[in-house]
Amino acid sequence: MTARIIDGKSIAADLRGKIAAEVARLQAAHQLVPGIAVVQVGDNPASSVYVKSKSKAVADAGMRAFDHKLPENVSEAELLTLIGLLNADPKVNGILVQLPLPAHIDAQNVVAAIAADKDVDGFHPLNAGRHATGLPGLVPCTPLGCVLLAKTVLPLLAGLEAVVIGRSNIVGKPLVQLLLAENATVTVAHSKTRDLPGVCRRADVLIAAIGRPEMVRGDWIKPGAIVIDVGINRVPGEAGKSRIVGDVAFAEAEKIAGAITPVPGGVGPMTIACLLLNTLRAACAQNGLSFPAL
Ligand code: GUN
């Protein structure tokens, strides 16, 4: 038996459609058009691809995108000045500074300078702390997308063994809070974990966020498990071209897993849909409106 493929592209399109309908309703009822500022520093090719697809998704949802592209050599002070202006601009409900930033800029300073209620990435220490203590706040988009995808297979994750590989602030750590909130039993594995394959084999839900191409092999997977692959790795392909693979060896894994996300077309599109969700949520909160059930 081969695994059910979790079609992130179509699940994300469905969510984006609901968000667009709500944006239209907000505009009609409250003359409110949610807006997001996307800030890119330099020309990192991967960042340029992400930023372009984010801006397109924002426009498709009927929201406003304010794109700011700054040169690689911009100073931290200049970037902080821009963030100050965006914080004060009522048309801007969300602010996203694309990471990574050049080495001369301290990303933590930059993230901390974003108004917490506009931090649609959910990276601000205040949002991370609110999330960790169970208070409402903005939650990082990629982990939120992972949990929403897993729940399309099993709506109730309560009591399941969830194993997350990777402990980054962007994915691994917020996933712990999200999975605990679903009442899963959560293990975070990382580069120092002993017997990583054995730990993974315990997982009913396995989420790989490592950044190493096809590291998770088929025999690391418990038969029937839900596998969510966060990896986006560029590897040499045919005819001198490159191709994108995940952190999971897909061809092996799909023979063992119960359900699995493809790469591309799994977590990536959900990250962008969740960014729109966070922007809508931020716009509602900033305007004293309750957030609709989608
Ligand atoms: N770089 C890689 N992923 C992300 C993300 O989710 N948000 C931002 N701002 N930068 C990233």
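Just so it is clear, the structure is predicted and the values come from calculations on it, not from any experiment. (Residues numbered from 1 in each chain as written. Predicted model: local features only at pLDDT ≥ 70, side-chain atom pairs only at ≥ 80, totals over all residues. Heavy atoms only, no water.)

Draft legend 1. Structural context of the sheet that holds strand 3 (residues 64-70). In spatial order, the strands read 3-2-4; together these three strands make up an open sheet with parallel pairing. Taken across any chain shown, the strands that pair with only one partner, and hence form the sheet edges, are strand 3 and strand 4 (94-97). Adjacent strand axes in the sheet meet at a mean angle of 15°, parallel and antiparallel pairs treated alike. One ladder, built from seven bridges, connects strand 2 (residues 35-41) with strand 3; its direction is parallel. Opposite Val41, over in strand 3, you have Leu70 as the bridge partner. Against the sheet, helix 3 (residues 76-88) contacts strand 2, strand 3 and strand 4, and its axis sits at roughly 175° relative to strand 2. (Pairing = 2+ DSSP bridges. Helix = DSSP H or I, 4+ residues; strand = E, 2+ residues; numbered from the N terminus. Axes fitted to C-alpha atoms, helices over the stretch in contact; angles between N-to-C directions. Contact = heavy atoms within 4.5 Å.)

Draft legend 2. Main features of the site of the ligand. Around the ligand, the neighbouring residues are Leu96, Val97, Gln98, Leu99, Asp121 and Phe123. Relative to its free-state accessible area of 280 Å², the ligand is covered by the protein chains to the extent of 81%. For the shell around the ligand, the per-class residue count stands at four nonpolar, one polar and one charged. (Near = heavy atom within 4 Å. Areas by Shrake-Rupley, 256 points an atom, 1.4 Å probe, with all protein chains shown as cover. Nonpolar A, V, L, I, M, F, W, Y, C, P; charged D, E, K, R; others polar.)

Draft legend 3. The arrangement of helix 6 (residues 141-153) in detail. Between its first and last C-alpha atoms helix 6 spans 19 Å; for 13 residues at 1.5 Å apiece the expected length is 18 Å, and the two agree. Buried within helix 6 we find Cys141, Thr142, Pro143, Leu144, Gly145, Cys146, Val147, Leu149 and Ala150. Buried residues belonging to helix 6 abut helix 1 (8-30), helix 7 (172-181), strand 7 (205-208), strand 8 (226-229) and helix 10 (267-286). (Expected span 1.5 Å × (residues − 1). Buried < 20%, exposed > 50% of the residue type's maximum accessible area, 1.4 Å probe, protein only.)

Draft legend 4. Summary view of the pattern of salt bridges. For the structure on display, the rule yields nine salt bridges. For Asp89, the salt bridge identified is with Lys91, shortest N-O distance 3.5 Å. The partly exposed category is assigned to Lys91, whose relative accessible area is 43%. Put simply, Arg16, Lys56 and Asp60 are held in one network by salt bridges that share partners. (Salt bridge = Lys/Arg side-chain N within 4 Å of Asp/Glu carboxyl O.)

Draft legend 5. Quick peek at helix 3. With 13 residues, helix 3 extends 19 Å between its outermost C-alpha atoms, agreeing within 8% with the 18 Å of an ideal straight helix rising 1.5 Å per residue. Within helix 3, the full set of buried residues consists of Glu76, Leu79, Leu82, Ile83 and Leu86. All buried residues of helix 3 lie within an arc of 120° about the axis, which places them on one face of the element. Every exposed residue of helix 3 that faces more than 90 degrees away from the buried side is listed here: Ala77, Thr81, Leu85 and Ala88. Taken together, the buried residues of helix 3 touch strand 2, strand 3, strand 4 and helix 4 (107-113). (Arc of directions from axis to C-beta.)

Draft legend 6. Structural view of the packing of aromatic side chains. Following the criterion strictly, the structure yields zero aromatic pairs and no others. The aromatic ring of Phe291 is capped on one face by Arg281, whose charged end is 4.6 Å from the ring centroid. (Phe/Tyr/Trp six-rings, centres within 6.5 Å; stacked < 30°, edge-to-face > 60°. Lys NZ or Arg CZ within 6 Å of the ring centre and 35° of its normal.)

Draft legend 7. Structural view of the layout of surface pockets. Within this model, the largest pocket holds a volume of roughly 1,500 Å³. Forming the boundary of the largest pocket are 48 residues, of which Tyr50, Thr142, Ile232, Gly268 and Thr271 lie nearest the centre. Ranked by residue count, the leading element in the lining of the largest pocket is helix 2 (residues 45-60), at 10 residues. A volume near 430 Å³ is recorded for the second largest pocket. Along the walls of the second largest pocket sit 17 residues, with Gly122, Phe123, Ala128, Asn169 and Ile170 positioned nearest its centre. Listing elements by their share of the lining of the second largest pocket, those giving two or more residues are helix 4, helix 5 (125-132) and helix 7. Across the lining of the second largest pocket, the residue classes tally to 11 nonpolar, five polar and one charged. (1 Å grid on protein atoms, 1.4 Å probe; cavity = no way out; pocket = protein on both sides within 12 Å on 5 of 7 lines; lining within 4 Å. Points joined across faces, edges and corners; volume = space filled by probe spheres on them.)

Draft legend 8. The side chain of Ser47, seen in detail. The topology assignment puts Ser47 in helix 2. Setting aside its immediate chain neighbours within four residues, Ser47 contacts Gln40, Gln98, Leu99 and Pro100.

Draft legend 9. Representation of the nonpolar core within the structure. Counting residues in each nonpolar core, the largest one holds 52 residues, and the members touching the most others are Ile19, Met63, Leu175, Leu179, Val205, Ile207 and Ile228. Broken down by element, the residue count for this core peaks at 12 residues, all from helix 10. Ignoring any residue separated from it by four or fewer positions in sequence, one finds Ile207 in contact with Cys146, Val163, Val164, Ile165, Leu175, Leu179, Ile228 and Val230. (Core = buried A, V, L, I, M, F, W, Y, C linked by side-chain atoms within 4.5 Å.)

Draft legend 10. Focus on the packing of helix 6 against helix 10. Following both chains from N to C, one finds helix 6 and helix 10 inclined at 110°, their axes separated by 8 Å at the closest point. One way to sum up the angle between helix 6 and helix 10 is to call them roughly perpendicular. In the crossing of helix 6 with helix 10, the sense of the turn from one axis to the other is right-handed. Between helix 6 and helix 10, the residues in contact are Cys141, Thr142, Leu144, Gly145, Cys146, Leu148 and Leu149 and Val267, Met270, Thr271, Cys274, Leu275, Leu277 and Asn278, respectively. (Parallel < 35°, antiparallel > 145°, perpendicular 65-115°, else oblique. Left-handed = near helix turned anticlockwise from the far one by under 90°.)

Draft legend 11. Structural context of the sheet that holds strand 7. Spatial strand order, 1-11-8-7-5-6: six strands in an open sheet with parallel pairing. The sheet is open, and its two edges are formed by strand 1 (4-5) and strand 6 (185-189), each paired on a single side. Examined bridge by bridge, strand 8 and strand 11 (residues 259-260) share two bridges and lie parallel to one another. In the sheet register, Val227 faces strand 11, and the bridge partner there is Ile260.

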